[in-house]
Amino acid sequence: MPGSVPVPEAVDGRQVRKVALSGLLGTVIEYYDFLLYSTMAALVFGTLYFPGSNPAVSTIAAFGTLAAGYVARPLGGLIFGHFGDKLGRKSALVMSMVLMGVASVLIGVLPTYSSIGLTAPVLLVLLRCVQGIAVGGEYGGAALMVIEHADSRRRGAWVGIMQAGSPLGSLLSNGAVALVTLLPREDFVSWGWRIPFLASAILLIIGLYVRLSVVESPLFRQAMAKAGERESLPLLRVLRRPRAVLLACAAGIGPFAMTALIGSHSVAYAKGLGYDLPDIMRAHLLISLTGLIGIPLFSALSDRIGRRRVLLIGASGGVLFAFPMYALLELRTVPAMIAALVIAQIFQNLMYAPLAPMLSEMFGTRVRYTGVSLGYQMASLLGAGFTPMIAAALVAGTGGSSLPLSCIIVGAVGVSIVSVLLISETRGRDLGEER
């Protein structure tokens, strides 16, 4: 019938698997590169790009460049969200992957402060911002691409595969760092740290091969096939009803703050307590393995008991464990450090895993890329962007006290709890319904 709206195709299991694999690889690349920078900021960037007489000041400055990447993430969400909602999810995701891979390789060949002076940290910050823009466009698009292909009863399970790319990227990143830190200290600082950045080119080639083979989202094609509608800018449509994006942002602040403290700041904090670097990196490998199991499991669990319930379970645990976590670290034994970080990671995973399906189900098809990306990336900025830098400053200013760090977790997770209580359960919502 002329002018009728096409009915979405039946779920194609083979295509869903391919889209999930594409999302997994894309997320692996984005988080490998993004978190690799976080670890190197704690280990060598302060010395190489922000030299100073006070190591604590150099570390804080290096974490400042880490924050620059988080500041750029909402911008990336807006840019890629706009084109993803107007022109298609697939092309936006291909471009975000290319941007991240190229920026990371360039960091791997970037001269240091001793070679080119102030130009070195300026270029480092610029490349970090490019990384942030790329990540800003990747996550929301990859998540909704999977969800828009999947059966409504298994959205959490399928997107959990994509979200496993975050801990898998972290695992590969930590594994790469663990290997190069086995080099003599002089070699590691001189050239060894560059190897993991250069290796991202291999991941980029594999990821692009898979991503270019997937088809566009059927729900997006359906929305674009509607005739006679003049579409406003996706951002304007989202901001006309800002409640959804504000709640989406607030819901993610808690898990992102925990990620920043567990995954990034804990490296510098544990070094300050006297832990050996190889022991710290092995503990972080276990954190990544925990997420590799926990995130897909908890995301699938949200299909059964609801997104809100899974997130609130993790949030409650995060608040209760905020002080015991640092008490365990301060025992200065490797088993205690591993227990502290792994348990905290489980609570973080419970909060993080339901985010992608929940946020995707909060927005209509024509603004979903923009809405999800903006909410998620604003949460990453507010929850994690400045947290390592603030945490490092607070520890230095209080003579090493962990009390401010526990308070950060309680405050950030508390914001998430309040927001989730204000969000109606989204599980099973009709994604074709305009909101």
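The paragraphs below set out a description of the structure included in this document. (Residues numbered from 1 in each chain as written. Predicted model: local features only at pLDDT ≥ 70, side-chain atom pairs only at ≥ 80, totals over all residues. Heavy atoms only, no water.)

### Details of empty space enclosed by the protein
One pass over the structure, following the stated rule, counts 1 cavity of 30 Å³ or more. Reported here for the largest cavity is a volume of approximately 410 Å³. Along the walls of the largest cavity sit 28 residues, with Leu 35, Ser 166, Ser 170, Thr 259 and Gly 263 positioned nearest its centre. For the lining of the largest cavity, a count of residues per class yields 14 nonpolar, 13 polar and 1 charged. (1 Å grid on protein atoms, 1.4 Å probe; cavity = no way out; pocket = protein on both sides within 12 Å on 5 of 7 lines; lining within 4 Å. Points joined across faces, edges and corners; volume = space filled by probe spheres on them. Nonpolar A, V, L, I, M, F, W, Y, C, P; charged D, E, K, R; others polar.)

### Description of the packing of helix 5 (residues 119-149) against helix 17 (residues 368-385)
Packing of helix 5 against helix 17 leaves a shortest axis separation of 8 Å and a crossing angle of 130°. Put simply, helix 5 runs oblique to helix 17. Here helix 5 and helix 17 pass one another in a crossing that is right-handed. The segment helix 5 lies against helix 17, with Val 135, Gly 136, Gly 137, Tyr 139, Gly 140, Gly 141, Leu 144 and Glu 148 engaging Arg 368, Tyr 369, Val 372, Ser 373, Tyr 376 and Gln 377. (Axes fitted to C-alpha atoms, helices over the stretch in contact; angles between N-to-C directions. Helix = DSSP H or I, 4+ residues; strand = E, 2+ residues; numbered from the N terminus. Parallel < 35°, antiparallel > 145°, perpendicular 65-115°, else oblique. Left-handed = near helix turned anticlockwise from the far one by under 90°. Contact = heavy atoms within 4.5 Å.)

### Digging into the pattern of salt bridges
In the structure shown here, the tally under the stated rule is 9 salt bridges. Glu 361 serves as the salt-bridge partner of Arg 155, at 3.1 Å between the closest nitrogen and oxygen. With Arg 155 in helix 6 (residues 155-163) and Glu 361 in the loop between helix 16 (355-360) and helix 17, this residue pair connects regions lying 206 residues apart in the sequence. Residues Arg 307 and Asp 303 are paired through a salt bridge, measuring 2.8 Å at the closest nitrogen-oxygen approach. Of the two residues, Arg 307 and Asp 303, both sit in the buried class. Through salt bridges with shared partners, a single network forms among Asp 85, Arg 89, Glu 148 and Arg 368. (Salt bridge = Lys/Arg side-chain N within 4 Å of Asp/Glu carboxyl O. Buried < 20%, exposed > 50% of the residue type's maximum accessible area, 1.4 Å probe, protein only.)

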